[in-house]
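In case you want the letters, here they are:
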Amino acid sequence: SQTIHQWPATLVQPVGSPLSLECTVEGTSNPNLYWYRQAAGRGLQLLFYSVGIGQISSEVPQNLSASRPQDRQFILSSKKLLLSDSGFYLCASLTPGSYEQYFGPGTRLTVT
Amino acid sequence: LAKTTQPISMDSYEGQEVNITCSHNNIATNDYITWYQQFPSQGPRFIIQGYKTKVTNEVASLFIPADRKSSTLSLPRVSLSDTAVYYCLVGARNSGNTPLVFGKGTRLSVIA
């Protein structure tokens, strides 16, 4: 099975500050990678997904961006955070041809 | 992607069997039905997947009628630890280029 690492676990950032969340994957090669955001008491919103190094698809327009510099590394960034960026950010991995999506432990971001 | 509809919330007493039904009227021929479970402040985890008829594992059973326009997740003899949000997803097994979309899920509360 796969293991997804995310850090930090919690983060408090002021409005207008930059953001960098990192996700790394173990136990698979060439996975599809995903960033989701979950607001309190809400469902998961897909933000970005990647099917390979340097390949990023954006699902929603926002001030966030994603990058995949290595096969098993996925980074979520922002140049200037907004209050509305607060939420629980989850990274997920799926091995092509498989059917089970693995999720990381998540990062809880509070923008103040 | 086939859209899913499931109840927003359900309550159950400990020891009872819980059935959560998901509607997916426009499911495609090559779509599978997958259920995930999410505890608070954690990422979702895979429970079960099926294509037709019945699938059973150590955690749950999944019932899919012949027309495949709905499915029912069955949790036998629930305990307090089964309190979680349950998501029904529909999509092709190799969904790398078409990511799975999570709805709002069903919030199950198990009462002692």
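Residues numbered from 1 in each chain as written. Chains lettered and ligands numbered in written order. Predicted model: local features only at pLDDT ≥ 70, side-chain atom pairs only at ≥ 80, totals over all residues. Heavy atoms only, no water.

This brings us to the overall build of chain B. Along the backbone of chain B there are zero helices and nine strands. When the helices and strands of chain B are placed in sequence order, the string is β-β-β-β-β-β-β-β-β. The C-alpha atoms of chain B give a radius of gyration of 13 Å, which matches the 13 Å a tight globule of 112 residues would have. Its C-alpha atoms give chain B principal-axis dimensions of about 40 × 30 × 25 Å. Considering chain B as a whole, with its 112 residues, one finds that 46% of them fall into the buried category. Partitioning the contacts of chain B with sequence separation of at least 6, the portion at a separation of at least 24 is 57%. When the accessible area of chain B is evaluated, it comes to approximately 5,700 Å², of which 50% is carbon and sulfur surface. Taking the 10 positively charged and 7 negatively charged side chains of chain B as two groups, their mean positions are separated by 8 Å. (Helix = DSSP H or I, 4+ residues; strand = E, 2+ residues; numbered from the N terminus. Rg over C-alpha atoms; globule rule 2.2 N^0.38 Å. Buried < 20%, exposed > 50% of the residue type's maximum accessible area, 1.4 Å probe, protein only. Contact = heavy atoms within 4.5 Å. Areas by Shrake-Rupley, 256 points an atom, 1.4 Å probe, with all protein chains shown as cover. Lys, Arg positive; Asp, Glu negative; His and termini not counted. Charge placed at Lys NZ, Arg CZ, Asp CG, Glu CD.)

Residue and element names in this part refer to chain A. Scanning all chains against the criterion turns up two disulfides over all chains. Disulfide pairing is shown between C23 and C91; the S-S distance is 1.9 Å. Judged by the sign of its S-S torsion, about -70°, the bond between C23 and C91 is left-handed. Remark: C91 occurs in strand β9 (residues 87–94) and C23 occurs in strand β3 (residues 19–26); sequence separation between them is 68 residues. (Disulfide = S-S within 2.5 Å.)

Let us look at the sheet that holds strand β8 (residues 84–92) of chain B. Residues and elements named next belong to chain B. The sheet built from five strands is open, its strands ordered β1-β9-β8-β3-β4 with mixed pairing. Looking at strand neighbours, the two that pair on one side only are β1 (9–13) and β4 (45–50), the edges of this open sheet. Direction aside, neighbouring strands of the sheet carry axes that sit 25° apart on average. Pairing geometry for strand β3 (residues 31–38) and β8, over eight bridges, is antiparallel. Pairing of Q38 across the sheet is with V85, part of β8. (Pairing = 2+ DSSP bridges. Axes fitted to C-alpha atoms, helices over the stretch in contact; angles between N-to-C directions.)

This brings us to the pairing of strand β4 (residues 32–38) of chain A. Residue and element names in this part refer to chain A. Buried residues dominate β4, accounting for seven of its seven residues. Side chains N32, Y34, Y36 and Q38 project from β4 onto one buried face, and the interleaved L33, W35 and R37 project onto a second face that is buried too. Two strands pair when backbone bridges link them, and β4 and β9 are joined in this way by seven bridges, in the antiparallel orientation. Considered in β9, the bridge of N32 is made with L94. Sheet analysis places β4 next to strand β5 (residues 44–52), joined by six bridges and oriented antiparallel. In the strand pairing of β5, Y34 is matched with Y49.

Before going further, it helps to examine unusual backbone geometry. A cis geometry characterises the amide bond from A:W7 onward to A:P8, with omega recorded as 0°. Within the fold, A:P8 resides in the loop between β1 (3–7) and β2 (10–13). Despite not being glycine, A:N30 shows a phi value in the positive range, around 50°. Looking at the element boundaries, A:N30 is found in the loop between β3 and β4. Residues other than glycine seldom take positive phi values, yet B:T53 does so here, at roughly 60°.

Per-residue confidence for chain A gives a mean pLDDT of 92, with 99% of residues at or over 70. Mean pLDDT values over the elements of chain A span from 91, in strand β6 (residues 55–58) of chain A, up to 97, in strand β8 (residues 73–78) of chain A. (pLDDT = per-residue confidence, 0-100.)

For the structure on display, the rule yields 11 aromatic pairs over all chains. Relative to A:F103, the ring of A:Y36 lies with its centre 5.6 Å away and its plane at 40°, an arrangement referred to as tilted. You can see A:Y36 sitting in strand β4 and its partner A:F103 sitting in strand β10 (residues 102–103), a full 67 residues away along the chain. Neither A:Y36 nor A:F103 differs from the other in exposure class; each is buried. Here the basic side chain of B:R68 rests over the ring of B:Y51, its NZ or CZ set 3.9 Å away from the ring centre. (Phe/Tyr/Trp six-rings, centres within 6.5 Å; stacked < 30°, edge-to-face > 60°. Lys NZ or Arg CZ within 6 Å of the ring centre and 35° of its normal.)

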